[in-house]
Amino acid sequence: CSGPVDFSQAEASDWGRAVREASHLVKQITGCQRVYAIAFGEGAQHLHLHLIPRHVDDPATKAWAVADLYRAMDRGERAVADPSAVASLVERCRSVFKSLD
């Protein structure tokens, strides 16, 4: 493992802005009340975040319980997201981006 790579001030600003805008998009597309940002960095040394919608009426998405969803999927106890539902969300995101042009 090599040493950490620090963001420059400009990179940190750009990253923060991108996360904020992506979180707003997740809220808009899913109708959730909050968005959790979780980073799992064990697979490869790179930066990415999982933006997870929090719906207050779904206790499975509350705080640390959301990690249990990942564990249940990893164990095969809970189905992963339906690919057609994911594709639909991606298309909705693209529509939002197109409307901003």
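Thresholds applied
Residues numbered from 1 in each chain as written. Predicted model: local features only at pLDDT ≥ 70, side-chain atom pairs only at ≥ 80, totals over all residues. Heavy atoms only, no water. Helix = DSSP H or I, 4+ residues; strand = E, 2+ residues; numbered from the N terminus. Buried < 20%, exposed > 50% of the residue type's maximum accessible area, 1.4 Å probe, protein only. Contact = heavy atoms within 4.5 Å. Axes fitted to C-alpha atoms, helices over the stretch in contact; angles between N-to-C directions. Left-handed = near helix turned anticlockwise from the far one by under 90°. Nonpolar A, V, L, I, M, F, W, Y, C, P; charged D, E, K, R; others polar. Salt bridge = Lys/Arg side-chain N within 4 Å of Asp/Glu carboxyl O.

## Let's talk about the overall build of the protein
Looking only at helices and strands, the protein has 3 helices and 2 strands in total. In terms of principal-axis extent, the alpha carbons of the protein reach across some 40 × 40 × 25 Å. Per-residue burial over the protein gives 17% buried out of 101 residues. For the protein, the proportion of contacts with a sequence separation of at least 24, taken over those separated by at least 6, is 36%.

## Concerning the packing of helix α1 (residues 9-30) against helix α3 (residues 83-100)
Remark: α1 packs on α3, axes separated minimally by 10 Å, with the N-to-C direction vectors making an angle of 115°. For α1 against α3, the interelement crossing comes out right-handed. Taking contact as the criterion, the partners of Leu-25, Gln-28 and Ile-29 in α1 are, on α3, Leu-89, Arg-92, Cys-93, Val-96 and Phe-97. Here the contact of α1 with α3 is composed, by residue class, of 6 nonpolar, 1 polar and 1 charged.

## Points about the pattern of salt bridges
All told, the structure shown has 5 salt bridges when counted by the stated rule. A salt bridge links Asp-14 to Arg-17, with the shortest nitrogen-to-oxygen separation between them at 2.9 Å. Taken together, the residues span about one helical turn, with Asp-14 and Arg-17 both in helix α1 at a distance of 3 residues. As a salt-bridge pair, Asp-68 and Arg-71 come within 2.6 Å of each other at their nearest N and O atoms. A residue pair is termed a helical-turn pair when its members lie 3 or 4 positions apart in one helix, as Asp-68 and Arg-71 do in helix α2 (residues 65-74) at 3 residues. You can call Asp-68 partly exposed: its relative accessible area is 42%.

## Side note on α2
Since the α-helix packs 3.6 residues into each turn, any two residues three or four apart lie on the same face. Looking only at α2, the buried set comprises Val-66, Ala-67, Leu-69 and Ala-72. For α2, the elements touching its buried residues are β1 (34-38) and β2 (50-54). Looking one or two residues beyond α2, the residue adopting positive phi is Gly-76, at roughly 80°.

## Points about unusual backbone geometry
Located in the positive-phi region is Ala-63, a residue other than glycine, with phi close to 35°. Inspection of the secondary structure puts Ala-63 in the loop between β2 and α2. A residue is classified by how much of its surface remains accessible, and Ala-63, at 38% relative accessible area, is partly exposed.

## Section: the side chain of Ser-23
Its place among the elements puts Ser-23 in helix α1. According to the relative accessible area criterion, Ser-23 is buried, its value standing at 17%. Contacts of Ser-23, omitting those with residues within four sequence positions, involve Val-35 and Leu-51.

Nothing here speaks to function; it is geometry throughout.
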